[in-house]
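# Analysis of the macromolecular model
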Amino acid sequence: MSSLHYASIAEVSALIRAKQISPVELLDSQLARVAALQPKLNTFVHLDPDAARAAAISATEQLSRNTSLGPLHGIPLTIKSCFDVAGWPNAAGSLLRANEIPSRSATIVDRLHASGAIIVGTTNTPEFLMAYETDSRLTGRTSNPWNLAHSSGGSSGGEAAAIAAGLSFGGIGSDGGGSIRVPAHFCGICGLKPTPGRIPSTGHFPSGNNSYGWIGVVGPMARTVADARLLFNILAGPDADDALSVPAPIREISADAARKTRIGILDTSSVGPATSESLAAVSHAAKLLEQSGFHVEPFQLHNLDRALDLWWFFFGTFIGQLFAQTTTGKESQLSPIFLDYMNAARVASPTPMLEFVANSAARDFERARILKAMEEVPVLLSPVSAAPAFRHGEGTWRSGPGEGPAERIGGYRETMRHSQWLNLAGLPGLTIPISTSSGGLPIGVQLIGRPFSEELLLSIAESLELARGPRERRSPDRLQ
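Remember, it's a predicted structure, so these values are computed and weren't measured experimentally. (Residues numbered from 1 in each chain as written. Predicted model: local features only at pLDDT ≥ 70, side-chain atom pairs only at ≥ 80, totals over all residues. Heavy atoms only, no water.)

### Describing the overall build of the chain
Condition: Helix and strand assignments come from DSSP, with helices taken as H or I runs of at least 4 residues and strands as E runs of at least 2, each series counted from the N terminus. Surface accessibility in these figures is a Shrake-Rupley result with a 1.4 Å probe; residues are shielded only by whichever protein chains are displayed. Under the counting rule used here, the positive set is Lys and Arg, the negative set is Asp and Glu, and His together with the chain ends is not counted. Here the site of a charge means NZ on Lys, CZ on Arg, CG on Asp, or CD on Glu.
When helices and strands are counted, the chain shows 15 helices and 13 strands. Projected onto the principal axes, the alpha-carbon positions of the chain cover approximately 60 × 60 × 50 Å. For the chain, the accessible surface area stands at approximately 17400 Å², while carbon and sulfur atoms represent 53% of it. Between the averaged position of the 40 positive side-chain charges in the chain and that of its 43 negative side-chain charges there is a distance of 2 Å.

### What about the sheet that holds strand β6 (residues 171–175)?
Worth spelling out the cut-off: At least two bridges found by DSSP between two strands is the condition for calling them paired. What counts as an axis is a line fitted to C-alpha atoms, over the stretch in contact for a helix, and the angles between N-to-C directions run from 0 to 180 degrees.
Within the open sheet, the 11 strands sit side by side as β1-β3-β2-β6-β8-β7-β12-β13-β11-β9-β10. Their pairing is mixed. With one partner strand each, in any of the chains shown, β1 (44–47) and β10 (295–299) form the two edges of the open sheet. Adjacent strand axes in the sheet meet at a mean angle of 30° when their direction is disregarded. Pairing of strand β7 (residues 190–193) with strand β8 (residues 217–222), which is carried by 2 bridges, proceeds in the antiparallel orientation. When the sheet's bridge partners are listed, Gly191 is paired in β8 with Met221.

### Details of the layout of surface pockets
What counts here: Every definition here rests on a 1 Å grid over the protein atoms only: cavities are sets of points where a 1.4 Å probe fits but cannot get out, pockets are open sets enclosed by protein on both sides within 12 Å along at least five of seven lines, and lining residues have some atom within 4 Å of a point. Grid points are joined across faces, edges and corners, and a volume is the space filled by probe spheres set on the points. Basically, the charged four are Asp, Glu, Lys and Arg, the nonpolar ten are Ala, Val, Leu, Ile, Met, Phe, Trp, Tyr, Cys and Pro, and anything else, Gly included, counts as polar.
Here the largest pocket is characterised by a volume of approximately 520 Å³. Lining the largest pocket are 30 residues, and of these Phe205, Pro206, Ser207, Tyr212 and Phe323 lie nearest its centre. Those elements that place two or more of their residues in the lining of the largest pocket are β6, β8 and α10 (304–327). For the lining of the largest pocket, the leading source of residues is α10, giving 5 residues. Here the lining of the largest pocket is built from residues that sort into 14 nonpolar, 12 polar and 4 charged.

### Quick notes on α10
Counted only if it meets this: Multiply 1.5 Å by the residue count of a helix minus one, and that product is the helix's expected span. The angle between axes fitted to the seven residues ending at a residue and the seven residues starting there is what we call the bend at that residue. The classification of residues rests on relative accessible area computed with a 1.4 Å probe and restricted to protein chains. Under 20% of the type maximum is buried, over 50% is exposed, and intermediate values are partly exposed.
The terminal C-alpha atoms of α10, which comprises 24 residues, lie 32 Å apart, in line with the 34 Å expected from a rise of 1.5 Å per residue. Its maximal kink placed at Phe313, α10 deviates by approximately 35°. Of all 24 residues in α10, 17 are buried; the element is thus mostly enclosed. One or two steps after α10, the chain reaches Gly329, where phi turns positive at roughly 90°.

### Considering the environment of Gly219
We apply this condition: Residue contacts follow a heavy-atom distance rule, with two residues in contact if any of their heavy atoms lie within 4.5 Å.
Checked against the element boundaries, Gly219 lands in strand β8. With relative accessibility at 0%, the residue Gly219 sits in the buried group. Here the alpha-carbon distance between Gly219 and Phe232, two residues 13 residues apart in the chain, equals 7.1 Å. Beyond its immediate stretch of four places on either side in the chain, Gly219 contacts Gly171, Ile172, Gly173, Ile180, Leu192, Pro194 and Ile199.

### With respect to the packing of α10 against helix α14 (residues 417–425)
Rules: Each angle receives one of four descriptions, namely roughly parallel if under 35 degrees, roughly antiparallel if over 145, roughly perpendicular if within 65 to 115, and oblique otherwise.
Contact pair α10 / α14: the axes reach a minimum separation of 8 Å and the direction vectors enclose 75°. Relative to α14, α10 is oriented roughly perpendicular. Counted together, Leu304, Asp305, Ala307, Leu308, Leu310, Trp311 and Phe314 of α10 and Arg417, Gln420, Trp421, Asn423 and Leu424 of α14 form the full contact between these two elements. Considered class by class, the residues forming the contact of α10 with α14 number 8 nonpolar, 2 polar and 2 charged.

### A few points about the confidence of the model for the chain
Should the pLDDT be low somewhere, the predicted coordinates at that spot are not to be read in detail. Our working definition: One confidence number per residue, pLDDT, is output by the predictor and ranges from 0 to 100.
With 96% of its residues at a pLDDT of at least 70, the chain reaches an overall mean of 94. When the criterion is pLDDT under 50, residues 402–408 qualifies, and its contacts beyond four places in sequence or with other chains add up to 14 contacts.

### Here we look at the packing of aromatic side chains
Basically, it comes down to this: Put simply, two rings from Phe, Tyr or Trp (the six-membered ring, in Trp's case) pair if the centres are within 6.5 Å, and we call them stacked under 30 degrees between planes, edge-to-face over 60, tilted for the rest. Charge over a ring is defined by NZ of Lys or CZ of Arg lying within 6 Å of the ring centre and within 35 degrees of the ring normal.
One pass over the structure, following the stated rule, counts 23 aromatic pairs. Arranged with centres 5.2 Å apart and planes meeting at 40°, the rings of Trp312 and Trp397 form a pair that is tilted. Here Trp312, found in helix α10, pairs with Trp397, found in the loop between β11 (379–383) and α13 (412–415); they are 85 residues apart in sequence, far enough to count as distant. Accessibility assignment for this pair places Trp312 and Trp397 in one class, buried. Ring geometry for Phe390 versus Tyr412: centroids 6.3 Å apart, planes at 40°, classification tilted. Of this pair, Phe390 sits in the loop between β11 and α13 while Tyr412 sits in helix α13, and the two are 22 residues apart along the sequence. For Phe390, a relative accessible area of 5% puts it in the buried group. Against the face of Phe205 rests Arg97, its NZ or CZ located 3.7 Å from the ring centre. Just above the ring of Trp214 sits the side chain of Arg363; from NZ or CZ to the centre is 4.0 Å.

### Topic: the environment of Gly216
Secondary-structure assignment places Gly216 in the loop between β7 and β8. For Gly216, a relative accessible area of 29% translates into the label partly exposed. Sequence separation between Gly216 and Pro126 is 90 residues, and the spatial gap between their C-alpha atoms is 16 Å. Setting aside residues no more than four positions away along its own chain, Gly216 makes contact with Asp175 and Gly176.

Okay, here's the thing in structure tokens:
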């Protein structure tokens with residue numbers, strides 16, 4: 001049974017449908033693994049084994065009756081703990097929300113249940129999701145399955161670590177500045193940040209259905225591109241409760257059709273430096289794509305500094321003021337990482353509405369400029385962040401030289417620029433693991449597309465994954 005922990009959803013689903021393993025047996029194996037590794041990794045903040053086992057029993061009975069089965073029938077999955085699951089806490093990593101128990105599940109949770117999935121539990125996040133390190137006063141720190149001294153990333157760090165460690169076959173994260181893609185890169189899995197609106201955000205905290213909701217999106221995380229595609233197909237589609245969701249149909253794009261796409265290697269000087277190993281991973285991915293029949297060429301996208309400054313205005317300056325309305329006077333209950341964010345985002349006086357409107361217009365201008373530049377080369381290849389996973393405590397919103405290795409670039413606004421600008425522009429981005437650092441940590445690359453090109457990115461990524469070949473799985477039960 002242990003060999004199944006790193007199996008793909010497709011592999012496990014085939015075994016269930018052939019009745020070679022029952023959903024109950026699979027769930028019990030997963031729960032035993034969670035019990036063994038949760039003390040080391042701290043990936044989960046809520047587990048409901050009784051409800052999961054009841055769902056597994058029902059799934060097994062349906063199987064015996066040859067009932068029509070959903071695409072995820074009997075598959076144990078996980079959810080980032082900022083999504084509503086009826087009756088489960090949704091604290092989003094904060095003591096201030098420790099007693100928040102929703103009565104209704106998020107739309108994506110309902111869609112997973114309808115597809116036959118068994119939701120085992122919810123996974124750890126930093127407080128209010130505002131850091132690239134998953135740690136908080138309420139739920140503690142999540143470690144990287146490849147090296148327990150290193151971060152699993154954030155804010156979907158608990159989800160990434162659970163999937164990478166074989167505790168979950170896949171799950172759902174959210175991304176406002178790399179929060180799906182960076183943890184996927186740190187932990188050696190796949191993570192898709194879709195175009196705003198393709199997957200509804202109903203039932204997510206903080207709410208995404210508002211005037212700045214386009215900056216954050218909901219997306220799948222999994223060990224393989226095919227699993228990420230399956231989850232995306234199930235989750236995508238409009239939702240009457242999310243005014244920003246869109247009725248974009250799912251498209252099928254073959255590998256042959258995808259090979260007609262020009263792919264640009266994004267000049268990293270546009271977004272800042274990266275370590276030599278991170279750049280080598282991009283070069284290796286480009287060579288694999290060329291060997292697979294893709295046309296790959298250098299690509300420059302100028303003046304991304306403006307897009308990154310605008311991203312920080314919305315993600316930092318403006319959203320920080322909204323948080324201040326509910327957290328001022330409660331600083332003693334807040335996590336150090338969240339206080340670090342609030343200090344970095346603090347401004348002398350409230351942002352005037354005219355400034356917000358002007359920056360919203362500037363955001364639209366920058367987005368149009370970027371889309372125009374990508375007309376002929378609609379897919380880009382770049383690092384996900386400046387470096388592999390940092391050690392616990394090294395991540396910070398403060399700028400300046402980093403405290404880690406010599407190649408460390410600095411604070412979050414320097415190291416994560418490669419991912420942040422996509423949220424300002426509303427572009428989809430997909431992380432796929434490619435190589436391993438000299439320190440034994442995963443290194444991923446990022447495929448970037450124009451809006452509503454998720455299917456194209458997934459098709460290209462499947463070709464890249466095939467060319468890359470199988471990857472080593474690092475089991476955390478061997479780590480101290």
